[in-house]
Amino acid sequence: MTERSTEETPQQKLARIRAEFAAHTPVNPFSEMVETICGVTFVNETTDIHRKRRSDKVKIAFVSMPPVALDDVVEHSSLHPGCRGATCPAENGAGTTAPEGVDPRALKRVLASFKPATAERMFNEFREALEAAVERFHPDVICFNELGLPAEDFPLSRAIDLAWDMSDKHNMLVIAGSAHDSRTLYNTGYVFRPGGPRPGQGFHKSISARAVGELISAPASRRVAAVYFAGLRIAMMICIDVADYASIASVVKVGDGVDVLLVPCYTPKIEDMNSIAKVTSNALPGIVALVNANDPDGVAKPCLVASFGSSKALTPALKLPSGVSISILDIDLAEFQQTRLSMTNDSNRSDVAFLFGRRDMPSVS
Amino acid sequence: MPVVRYATLLRHDPQLVTAETVGVAEAMSAIWPEWKDRYAAAIAALAERVGISASGVAINSHEEVRYRLDGKTPMIDLPEAVIQRNSQNISLRNCAALCVHDFSSKVWTRINGLGPEGHEVESLGRVLHDYRALAKSCGDWFQSEVENIAGDLLAPTRTVNDGVLEITTVGLRVKKTDHQAEDFESWLFDSAGGPNFANEEFCDFMSEAAALTDDVRTITKKQPTAFWMSMPMAVRMVNGDLASRSTMYLVRTIDDMIQAVGIGLDDSEAGDLASEVALKVSRVLANRL
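The model shown is predicted, which means the values in this text are computed figures rather than measured ones. (Residues numbered from 1 in each chain as written. Chains lettered and ligands numbered in written order. Predicted model: local features only at pLDDT ≥ 70, side-chain atom pairs only at ≥ 80, totals over all residues.)

A. Highlighting the overall build of chain A. Looking only at helices and strands, chain A features seven helices and 19 strands. Computed over the C-alpha atoms, the radius of gyration of chain A is 23 Å, within 12% of the 21 Å expected from 2.2 N^0.38 for a compact globule of 365 residues. Considering only C-alpha atoms, chain A reaches an extent of 85 × 55 × 45 Å along its principal axes. Counting over 365 residues, chain A shows a buried share of 45%. Pairs at least 24 residues apart make up 73% of the contacts formed inside chain A by residues separated by at least 6 positions. (Helix = DSSP H or I, 4+ residues; strand = E, 2+ residues; numbered from the N terminus. Rg over C-alpha atoms; globule rule 2.2 N^0.38 Å. Buried ≥ 20, exposed ≤ 12 C-beta atoms within 10 Å, placed from the backbone. Contact = placed C-beta atoms within 7 Å.)

In structure tokens form, the structure reads like this:
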């Protein structure tokens, strides 16, 4: 901020302010178009009584489930990438062949699938973790990692029932990443909220982690889901989406309306993603939390929280014999708001200004 | 949906310290139970004096005098007063931002209509005239009351008037929901990102909201310190989407006042673009004065 003299006239004050506002940091040209690529959408209504602030603090429990082995991989596709023309033997031939000139790799779909015994184990661990988090910490929000919601080739209905029941009974939000749903082909996360729909509300990963062979179909309408709960505006995205510029920029562009970004992950590269989380938390400004699976070797951290540009690994507050790790974040709402206002009043944030433009400062013409 | 925020700027020499601001807040809180009736009566009388007929003034009983930090600035918020009318009720809030840094304290009054219906655009000039008059008279009264209630606590400092800041923001409700963001931008901005002077509607609304006697297109030439600025704000749409909407402000001086008058198209679900962006602009300007 520019220095001011003690005896400025109103005209001098205005000239000083104008000069400060007009001192633009260049903005990369990609930042302007993000709203046409990706948007942020609230899943609850403005009439939802659970939007209201409940107390001075909001407690979030991050639940890192033990890793799961992919027991089976099932190929699903309406097209047969290997076939050409009318020679395709599958599905009576009609409508199942790959169009000429299309790279077959673009048509391949592969889903993660779990054997029943694995799904059963996942369910037992999920129930134990959910109950332990509620009983021990009484959180306002619980966020599980990606693949945290038990599934075979789509989430188990009893896991969904349990998550919704716990959410409704304890007036809390339950967010859980899942796997690739064989019905939608999407990598889907769910949010369960008191008074919300019993099946939960799904949100999808928008990009593929190509390097790990993930082959998914991204929704045509790319949206970052958000929920207004207990006084916090919480956006949610899945894993590698946090590394996607359009996804992040679309959130930052409406940063006035987003406080926290929760990211269920399942990755050994959480440290790399954390560097992006730090930038994002600075740009919002707010909090970005990466909730990973609990790596038994301890190489990848179970939970990293970036807060207003700084990052820390949370020390697990509870470890269960099954390999579940639970970390707790208490957000003091007054302190959060104070920090946010202090940051948005700082005109010297050229790093985030170049990446996303400044949403907290006026543009002078 | 117009919102008027009016602040008297006060400089302290030496600067206030945090303990003094806490003392003022405690004094306000202590006197509040008996003083609030006087507060309501004063608002009713001042409203009547500026031509706003009121059937009564209700103080929000769910709120209390609150001390908080807005960024680094200690703030004392009074509970909301609602001026009850046969037509649209009016919300009035007073607060004191007691600056402990090298900037001025501000005694704020915010006035806006209540309810989703808003005002007809034909009445914009009259409504803003009334809101401004009420904001000034309530702000002056509140300032004198703070001095009476807590003046002794601030006695070690010399307080001088440092001018006035007014931020008036008008959100023009757009009822159709099939507009694209580009439609809103092109209504407000020219191709260079400046105000769209080719848009007669924009020019007329801005002229009326700022009570300009000069042509809005030439105002920055006639008043060299005046300038145009836009501020983005995220608002929630009916379908749950968050969208960024801009408001164009004319910022200028009038005697010892710095005035910012903004116009924006508001297609938000709650019709809250004006109140939200007004707060944002108020903070940005106030933190530099």
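B. Broad picture of the overall build of chain B. Broken down by element type, chain B carries six helices and 11 strands. Projecting the C-alpha coordinates of chain B onto the three principal axes gives extents of approximately 55 × 40 × 35 Å. For chain B, buried positions account for 44% of its 289 residues. Of the contacts made within chain B by residues no fewer than 6 positions apart, 68% connect residues no fewer than 24 positions apart.

C. Region of interest: the interface of chain A and chain B. At the interface, 32 residues of chain A touch 39 residues of chain B. Elements with a minimum of two residues in the side of chain A that touches chain B: α1 (10-22), β1 (39-42), α6 (333-344) and β19 (363-364) of chain A. Per element, the largest residue contribution to the side of chain A that touches chain B is eight residues, and it comes from α1 of chain A. Residues belonging to the side of chain A that touches chain B are distributed by class as follows: 15 nonpolar, 11 polar and six charged. (Nonpolar A, V, L, I, M, F, W, Y, C, P; charged D, E, K, R; others polar.)

D. Quick look at the pairing of strand β3 (residues 66-70) of chain B. Here β3 of chain B pairs with strand β4 (residues 73-77) of chain B via five bridges, running antiparallel. Its bridge partner being in β4 of chain B, Arg-66 of chain B is matched across the sheet by Asp-77 of chain B. (Pairing = 2+ DSSP bridges.)

E. Here's a closer look at the packing of helix α1 (residues 18-49) of chain B against helix α2 (residues 124-150) of chain B. All names here are of chain B. Between α1 and α2, whose axes approach to 10 Å, the crossing angle comes to 150 degrees. Classified by the angle between their axes, α1 and α2 sit roughly antiparallel to one another. For α1 against α2, the interelement crossing comes out right-handed. Where α1 abuts α2, its residues Val-24, Ala-27, Met-28, Ile-31, Ala-42, Ile-43, Leu-46, Ala-47 and Arg-49 lie against Leu-134, Ser-137, Cys-138, Trp-141, Ile-149 and Ala-150. Looking at the contact of α1 with α2, its residues break down into 13 nonpolar, one polar and one charged. (Axes fitted to C-alpha atoms, helices over the stretch in contact; angles between N-to-C directions. Parallel < 35°, antiparallel > 145°, perpendicular 65-115°, else oblique. Left-handed = near helix turned anticlockwise from the far one by under 90°.)

F. Structural context of the sheet that holds strand β9 (residues 187-192) of chain A. Residue and element names in this part refer to chain A. If you walk across this open sheet you meet the seven strands as β10-β9-β8-β7-β2-β18-β17, and the pairing is mixed. Edge positions in the sheet fall to β10 (201-204) and β17 (318-319), since each of these pairs with one other strand and no more. Note that strand β8 (residues 173-180) and β9 share five bridges and pair antiparallel. Bridge pairing in β9 links Gly-177 to Gly-189. Where helix α3 (residues 157-170) meets the sheet, it contacts β8 and β9, and its direction lies at approximately 165 degrees from that of β8.

G. Local environment of the nonpolar core. Ranked by size, the top nonpolar core spans 186 residues in total, and within it Phe-62, Val-63, Val-263 and Ala-289 of chain A carry the most contacts. Looking at this core, the element that brings in the most residues is α2 of chain B, giving nine residues. The contacts of Ala-289 of chain A, once residues within four sequence positions are left out, are Phe-62, Leu-262, Val-263, Cys-303, Val-305 and Leu-329 of chain A. (Core = buried A, V, L, I, M, F, W, Y, C linked by C-beta atoms within 7 Å.)

H. Main features of the environment of Ile-59 of chain B. Residue and element names in this part refer to chain B. Assignment of secondary structure puts Ile-59 in strand β2 (residues 56-59). The spatial distance from the C-alpha of Ile-59 to the C-alpha of Trp-187 is 39 Å, given a sequence separation of 128 residues. Setting aside its immediate chain neighbours within four residues, Ile-59 contacts Lys-36, Tyr-39, Ala-40, Pro-79 and Ala-81.

I. Seen up close, α1 of chain B. Residue and element names in this part refer to chain B. Here α1 spans only 37 Å end to end across 32 residues, well under the 46 Å set by a 1.5 Å rise per residue. A bend of about 75 degrees at Trp-32 is the largest found in α1, and the proline Pro-33 appears one to four places after it. Looking at the packing, one finds that the buried side of α1 touches β2, β3, β4, β5 (81-84), β6 (90-97) and α2. Looking one or two residues past α1, Gly-51 carries a phi angle of roughly 95 degrees, positive in sign. (Expected span 1.5 Å × (residues − 1). Bend = angle between axes of the 7 residues up to and from the residue.)

J. Structural context of unusual backbone geometry. The step from Leu-284 of chain A to Pro-285 of chain A runs through a cis peptide bond, and the omega angle for that step is -15 degrees. Mapped onto the elements of the fold, Pro-285 of chain A is located in the loop between α5 (270-283) and β14 (287-291). Residue Asp-13 of chain B is joined to Pro-14 of chain B through a cis peptide bond whose omega torsion reads 0 degrees. Looking at where Pro-14 of chain B falls in the secondary structure, it is placed in the loop between β1 (2-13) and α1. Positive phi, normally seen in glycine, also occurs at Leu-147 of chain A, with a value near 70 degrees. Structurally, Leu-147 of chain A can be placed in the loop between β7 (141-144) and α3.

Just geometry here; none of it tells us what the structure is for.
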